[in-house]
Amino acid sequence: MKRLLSAFVLLAALSGCSDAPKGRWRVTAPVDVYSENNDGAPVAFVLQAGDICALGRDWSYQKMFRFKRVSCTRGDGWISIDENFVREPD
């Protein structure tokens, strides 16, 4: 029973939601933001260079894809890459 519970907790942690977005990050190139952390989710909006966002720290893994929660001036959603973000001083 303990093994089953441990496996369930691990699975929930790997497939659950990302942590709350924090910090101030500047976008350096266009980035698609998805409405959900799902490989079939539509693009909700596209970030442009200069946009400011807060990023979640952890990735949420769904099937073979990964997503990170993002909260920006344009809205909230999920990104699949974070290479186009530069940390701004607080």
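What counts and how
- Residues numbered from 1 in each chain as written.
- Predicted model: local features only at pLDDT ≥ 70, side-chain atom pairs only at ≥ 80, totals over all residues.
- Heavy atoms only, no water.
- Helix = DSSP H or I, 4+ residues; strand = E, 2+ residues; numbered from the N terminus.
- Polar contact = N/O pair within 3.5 Å; in protein donor to acceptor, adjacent residues only side chain to side chain.
- Core = buried A, V, L, I, M, F, W, Y, C linked by side-chain atoms within 4.5 Å.
- Buried < 20%, exposed > 50% of the residue type's maximum accessible area, 1.4 Å probe, protein only.
- Contact = heavy atoms within 4.5 Å.
- Pairing = 2+ DSSP bridges.

1. Some details on the side chain of Ser60
Then comes step 1: By secondary structure assignment, the location of Ser60 is in strand E5 (residues 60-62).
Then comes step 2: There is a polar contact of 2.9 Å between the side chain of Ser60 and the side chain of Asn37.
Then comes step 3: A polar atom in the side chain of Ser60 sits 3.3 Å from the side chain of Gln62.

2. Regarding the nonpolar core
Among soluble globular proteins, nonpolar side chains are generally buried collectively.
Then comes step 1: Residues Val27, Val31, Val33, Phe45, Leu47, Cys53, Leu55, Val70, Cys72, Ile79 and Phe85 constitute the largest nonpolar core, which totals eleven residues.
Then comes step 2: Listing elements by their share of this core, those giving two or more residues are strand E2 (31-34), strand E3 (43-47), strand E4 (52-55) and strand E6 (65-72).
Then comes step 3: Setting aside anything within four residues of it in sequence, one finds Val33 in contact with Pro42, Val43, Ala44, Phe45, Leu47, Val70, Asp76, Gly77, Trp78 and Ile79.

3. A few points about the pairing of strand E7 (residues 75-79)
For a regular strand, side chains alternate in direction, first toward one face of the sheet and then toward the other.
Then comes step 1: Sheet analysis places E6 next to E7, joined by five bridges and oriented antiparallel. The residue of E7 that forms the bridge with Val70 is Gly77.
Then comes step 2: Here E6 hands over to E7 after two residues, the two strands then running antiparallel side by side.

So yeah, pure geometry; function would need other evidence.
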